[in-house]
Amino acid sequence: MKLSRFQDHPTWGFIDWALRGVGQVVFQNNPLSGLVIVGAIFYNSWVYGTILVIGVIVGTATACLLQADRSLIRNGLFGFNSALVGVALVAFTSEDFRSGSFPSAHMLVYIACAAALAAIAFSSISALMGPHKVAALTMPFNLVGWLFLFAVLKFSSIDAGPLAKPVSPEQYAMVTDYVLPTWYMGIGNSIGQIFFQDNWIAGYLILIGIAINSRISAGMALIGAIVSELVAVAFGAPEGAIRDGLYGYNAVLTAMALGGFFLVLTVRSFFYAVFGIVVSTWLWASVAIFLSPIGMPVFTSTFVIVTWAMLIGQHGFKALVPVPPAEATTAEDNRRRMSGGHDGG
Amino acid sequence: MKLSRFQDHPTWGFIDWALRGVGQVVFQNNPLSGLVIVGAIFYNSWVYGTILVIGVIVGTATACLLQADRSLIRNGLFGFNSALVGVALVAFTSEDFRSGSFPSAHMLVYIACAAALAAIAFSSISALMGPHKVAALTMPFNLVGWLFLFAVLKFSSIDAGPLAKPVSPEQYAMVTDYVLPTWYMGIGNSIGQIFFQDNWIAGYLILIGIAINSRISAGMALIGAIVSELVAVAFGAPEGAIRDGLYGYNAVLTAMALGGFFLVLTVRSFFYAVFGIVVSTWLWASVAIFLSPIGMPVFTSTFVIVTWAMLIGQHGFKALVPVPPAEATTAEDNRRRMSGGHDGG
Amino acid sequence: MKLSRFQDHPTWGFIDWALRGVGQVVFQNNPLSGLVIVGAIFYNSWVYGTILVIGVIVGTATACLLQADRSLIRNGLFGFNSALVGVALVAFTSEDFRSGSFPSAHMLVYIACAAALAAIAFSSISALMGPHKVAALTMPFNLVGWLFLFAVLKFSSIDAGPLAKPVSPEQYAMVTDYVLPTWYMGIGNSIGQIFFQDNWIAGYLILIGIAINSRISAGMALIGAIVSELVAVAFGAPEGAIRDGLYGYNAVLTAMALGGFFLVLTVRSFFYAVFGIVVSTWLWASVAIFLSPIGMPVFTSTFVIVTWAMLIGQHGFKALVPVPPAEATTAEDNRRRMSGGHDGG
């Protein structure tokens, strides 16, 4: 790939790694994908765009300072959790969830430390999951995000608004009149909400960013969003929550993870991924209710729980062809490499 | 054993595995034990009996579809968590906890998916616990059960009643007049509640099912029920909760797990098991209170927590003789094999 | 060391191990440190002193009965979690948190069983963390402490008071007038609260106990207390909570763990430890709020979460020099041994 030229560049390298970090949120180790996604976030709000960039820089820089494994840094793996931590902390403490408010100086220090801890926790959770050949996914972000969001309201120097965004299906009116925008806005938002962007157009732009690097991943993301909508509608979920993409964003991530990235895409693993999509859709509601007594958002924890539950035990299932995290490049490459081996053998 | 004939049968094999799956809930890898237990559940309610059978079939079939390890399937290990998931989801969404209401079509799909996920999660949790030579126990059921029960009330297509059954000691009147039925009904219910059966006669029938395969396990189950009642009475627990078997069902499972099944039964391990019974009795109340803000039942999580806490570190204690999960057959066999080895050596 | 004479003594050995167990709460494997700390606790309250001694004896005796590894027993490692469980259960069920009330006979049995389970759980959690070369820290205490504290109010035979001590920043008035006693009392209490002692003079006495064995650890403890106060003040935390040492006690433990004990003290690891102190200060508030729906205290869980998050992944960071738990003696020894190896090589 021509792009790898930047990855090794003494000056531009860091920018390349940071952009890959943004792409890694949706499993795309590609700086161009990252750039398009950064653009999509800026399209929705310059606040979120700026914070996303700060987050990914802090995470990657922390790993450099601690002399982490170069290849992990160069593939953006220390950046993606930190980027999400930054955006999430701003999103859930802003007066207006949609556009975000730029954080105070105190809050910026707080966010930077959270982003640094997310990079450190990525190393720890990767070590914990290592023996099972399963990736840390966004668990570092979820745990660090929760811990820092819990505490933020308890310091008078941080002027945080209330949680402005409904975070649980209970907070939506039980309306079940599904209309056309439920569908096209819901699908776009299901992708946008991965980055906490309540903007369906930004969602479709992110989808383009994914497609630049992997057509299969983009296809699975779309299937994830559509199937999760179908399930939510079939089970009579509140229209507002569906339209906001809340039932879908965990399902979209599960779809990409199981549909080609960590399992070679075959007919069987496709249905396995669809099962994961259905379960992720239901269980978003579940985790939301579990967290409601403390008023915490779900983040992408449902995706991590379902994907871990379906991947950790994969070596016990001969019907699936697992891809070790270190070898997972793109869904297309995984397929070529693994089936190539079969053909030649 | 003559019975193994069915285990290998091309047609009857599946039924054999499913019945073993029912038996595995109480550590009995024996289709006859499974059959007696199915009978005991049907004796209480045809709804629960039917759901139990559906659950165990879905779990075992999922494992077959995913081409899981044959010997695990043939020993019923993919069925027992799925069976419990089915019964628990019906029990805690029925108007009448005791008899259960037959689920709607939507709910049946939902339960079948939960049962399938429980089988997949069994493989994952087994992989996680594998390096420590400790079994997954009913943790897959507890986690999947909680996740699916949280969400069920949030879909208008599923007409779920409120949680009809008190799930925490706080919900019982603080009556401490213990009478004769506190004892004989409490002991029976302590065994019945393992399958969420509020029927003390069904409990004694299940005990017979256990005794068919292992006299030691049946004895430990009875000791577990009696000791847990003694502890609850000595510490002044509410009479209603004791009579309903709520203080006892986790203790009964702990008693069987530590008393011969995963540790060779010796004088020392017997007292270790009694300690586990006492702790399980207290900590049921604990987990109930922990879960009360979200209104979730304890299921058999206390048993898993206590048993894991007392088994994971077992290799550090020379006073105990651990039995690796793969070699745990019956308490009697474990004793014979392990002490036999000592005699011969 | 002359003191090791007692460690091997047939009669006095057990006392030596128990005193080391008290010292191990603050990472000091030294009976004299333990003795000074016992004195500090008795200085505050004979009730807490007595319970601390009972706890450490029960934990160590449990390990002896189960024939655990002799060297772990002899270094006090089976005692420190049990000691804390005892003190915590009394502290949070006493009418007066500061001085404690002596428990009833029922409660004593209950505490002794909790202390025994903590020793067993120490073995289990050590086994779980073993592959990652990370110690169990006080996690056994935190988990067993929570489980037993949840249940205690549900038994009429145990006459437990309400939780008399505020356990979350929400329960303090939002006063932010910091005065001189905020500082010197806050620093002392930050050390005292590790043992749930609301007495700043006892805190400074404990610091002396630490200094007897390791000047570096004592220095890091002091730095931990001071930095955590600075952070809490800078972010406008409630004055009462700071003065009570609540923001600091987890930070003090993190400071000692990362500052020399489990990582060789270098300029880099010093800043790593300071980062850990800052994060621990914030996240105490976080865990407090997470636990507030069930009214549970934080104990030292924040310290464990932060230290684990920062140590489990340490092998991925070449900037740090990890010390395996089995080789961690004192911060001074770790430094000598590790840099000695470098010099010679």
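Rules used throughout
- Residues numbered from 1 in each chain as written.
- Chains lettered and ligands numbered in written order.
- Predicted model: local features only at pLDDT ≥ 70, side-chain atom pairs only at ≥ 80, totals over all residues.
- Helix = DSSP H or I, 4+ residues; strand = E, 2+ residues; numbered from the N terminus.
- Rg over C-alpha atoms; globule rule 2.2 N^0.38 Å.
- Buried ≥ 20, exposed ≤ 12 C-beta atoms within 10 Å, placed from the backbone.
- Contact = placed C-beta atoms within 7 Å.
- Nonpolar A, V, L, I, M, F, W, Y, C, P; charged D, E, K, R; others polar.
- Least-squares fit on C-alpha atoms with pLDDT ≥ 70 in both.
- Axes fitted to C-alpha atoms, helices over the stretch in contact; angles between N-to-C directions.
- Parallel < 35°, antiparallel > 145°, perpendicular 65-115°, else oblique.
- Left-handed = near helix turned anticlockwise from the far one by under 90°.

### So, the overall build of chain A
Here's step 1: The number of helices and strands found in chain A is 16 helices and zero strands.
Here's step 2: In terms of C-alpha radius of gyration, chain A reaches 19 Å, essentially the compact-globule figure of 20 Å for 345 residues.
Here's step 3: C-alpha extents for chain A along the principal axes are approximately 65 × 50 × 35 Å.
Here's step 4: Relative to its 345 residues, chain A shows a buried fraction of 63%.

### Quick word on the interface of chain A and chain B
Buried accessible area, meaning the area lost when the parts come together, often serves as the stated size of an interface.
Here's step 1: Listed by partner, the interface residues are 29 residues for chain A and 27 residues for chain B.
Here's step 2: When residues in the side of chain A that touches chain B are grouped by element, the largest group, eight residues, is from helix H14 (residues 267–291) of chain A.
Here's step 3: Of the residues in the side of chain A that touches chain B, the class split is 21 nonpolar, seven polar and one charged.

### Considerations on the relation of the copies chain A and chain B
Here's step 1: Between chain A and chain B, the superposition needs a rotation of 120 degrees and an axial shift of 0.0 Å, giving an RMSD of 0.0 Å. Here the transformation between the copies is reduced to the relation of a three-fold axis. Relative to the rotation axis, the C-alpha of A:Pro293 is the closest in chain A, positioned 3.9 Å from it.
Here's step 2: Residue by residue, only 7% of the interface of chain A is reproduced at the interface of chain B, so the copies engage with different surfaces.

### As for the interface of chain C and chain A
Here's step 1: Every contact between the two is made by 29 residues of chain C and, on the other side, 27 residues of chain A.
Here's step 2: Contributions of two or more residues to the side of chain C that touches chain A are made by helix H14 (267–291) and helix H15 (301–311) of chain C.
Here's step 3: The element that contributes the greatest number of residues to the side of chain C that touches chain A is H14(C), accounting for eight residues.
Here's step 4: Looking at the side of chain C that touches chain A residue by residue, the classes come out as 21 nonpolar, seven polar and one charged.

### Observations regarding the relation of the copies chain C and chain A
In this arrangement, two copies of a chain are superimposed by a rotation about an axis accompanied by a shift along the axis.
Here's step 1: Superposition of chain C onto chain A requires a rotation of 120 degrees combined with a translation of 0.0 Å along the rotation axis, giving an RMSD of 0.0 Å.
Here's step 2: Take the interface residues of chain C: only 7% of them recur as interface residues in chain A, which is what a contact between different surfaces looks like.

### Looking at the packing of helix H9 (residues 180–192) of chain B against helix H11 (residues 215–234) of chain B
Residue and element names in this part refer to chain B.
Here's step 1: Closest axis-to-axis distance for the H9/H11 pair is 9 Å, and the angle between their directions is 125 degrees. Taken together, H9 and H11 sit at an angle that is classed as oblique. Between H9 and H11 lies a crossing whose hand is right-handed. Every residue of H11 that contacts H9 at Trp 183, Gly 186, Ile 187, Ser 190 and Ile 191 is listed here: Ala 221, Ala 225, Ile 226, Ser 228 and Glu 229.

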